[in-house]
Amino acid sequence: MNLTLHIWRQAAPGTPGRMVRYEAHDISPDMSFLEMLDVVNERLMETGEAPVAFDHDCREGICGSCSLMINGVAHGPNPGTATCQLHMRSFDDGAEIHVEPWRARAFPVIKDLVVDRSALDRIIAAGGYVSAPTGSAPDGNALLIPKDAVDTAMDAAQCIGCGACVAACPNGSASLFTAAKISHLGLLPQGQPERVQRARRMVEQMDLEGFGGCTLYGECQEACPKLISMDTITRMNRDFLRAAVAPVRAAVAESD
């Protein structure tokens, strides 16, 4: 395959960036998108040019590092697929491909296609701990959990924190990410003691990080490589509302 790439190049945070055109020749259709970028970088270094900086790690759709906008779509054209799982056979020979970093106020560009997504880590940290007792593992049947609750919790736990939901959202909202991290604990017995306060802390941190508000466009669940549903946002909003009214209830009880 022969491809024309338009790649965002930016030397450092706060410096001007621009799209740069590159010709990629003799690309195997069986390569992943990241392998194709590896080939492009090898050829750039052979000519003395600086390679394109991009995030990657596991290359198995697990770590969430491969955060790229490809032709304006987070992770590219295939649904339920991370960039590292996207193969070049998904594109036509001779295609023009535009590659950009995540675009969100809370994700400042570090260099080229690499952005700072540490805001997501701080949202998780704001959730605090789970006060489930430690020690040896309990018997598997000692605590009965409905299967639908387990399945829904595990669906939410699939979130890899890539940030595609933020990049795809017109508002730059991190609600799907935050809701997934809240839901996978809030649906299980171990997460109940801190459930509503965890939601309050994480939502407040999300707002502090500068993410936009959720208006339920639905672009987030379309871009999510794990196909996490917007239903998680409904659960998050419910828990956050409960946390908001909890101090009022406590104050009323004290006055009585």
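These remarks concern the structure in this document. (Residues numbered from 1 in each chain as written. Predicted model: local features only at pLDDT ≥ 70, side-chain atom pairs only at ≥ 80, totals over all residues. Heavy atoms only, no water.)

For the coordinates displayed, the defined rule picks out 12 salt bridges. Between arginine 59 and aspartate 38 there is a salt bridge, with its nearest N and O atoms 2.8 Å apart. On the criterion of sequence distance, the pair formed by arginine 59 in the loop between α1 (33-46) and β3 (69-70) and aspartate 38 in helix α1 is long-range, its members being 21 residues apart. By relative accessible area, which is 26% here, aspartate 38 ends up partly exposed. Taking the shortest distance from any N to any O, the salt bridge between glutamate 100 and arginine 103 comes out at 3.2 Å. Via salt bridges that share partners, Arg195, Asp239 and Arg242 belong to a single interconnected network. (Salt bridge = Lys/Arg side-chain N within 4 Å of Asp/Glu carboxyl O. Helix = DSSP H or I, 4+ residues; strand = E, 2+ residues; numbered from the N terminus. Buried < 20%, exposed > 50% of the residue type's maximum accessible area, 1.4 Å probe, protein only.)

Let us look at the sheet that holds strand β2 (residues 17-24). The strand order β2-β1-β5-β3-β4 describes an open sheet built from 5 strands, whose pairing is mixed. At either end of the open sheet lies a strand with only one pairing partner, and these are β2 and β4 (73-74). Where β3 meets β4, 2 bridges bridge the pair, whose relative direction is antiparallel. Paired with methionine 69 across the two strands is alanine 74, which belongs to β4. (Pairing = 2+ DSSP bridges.)

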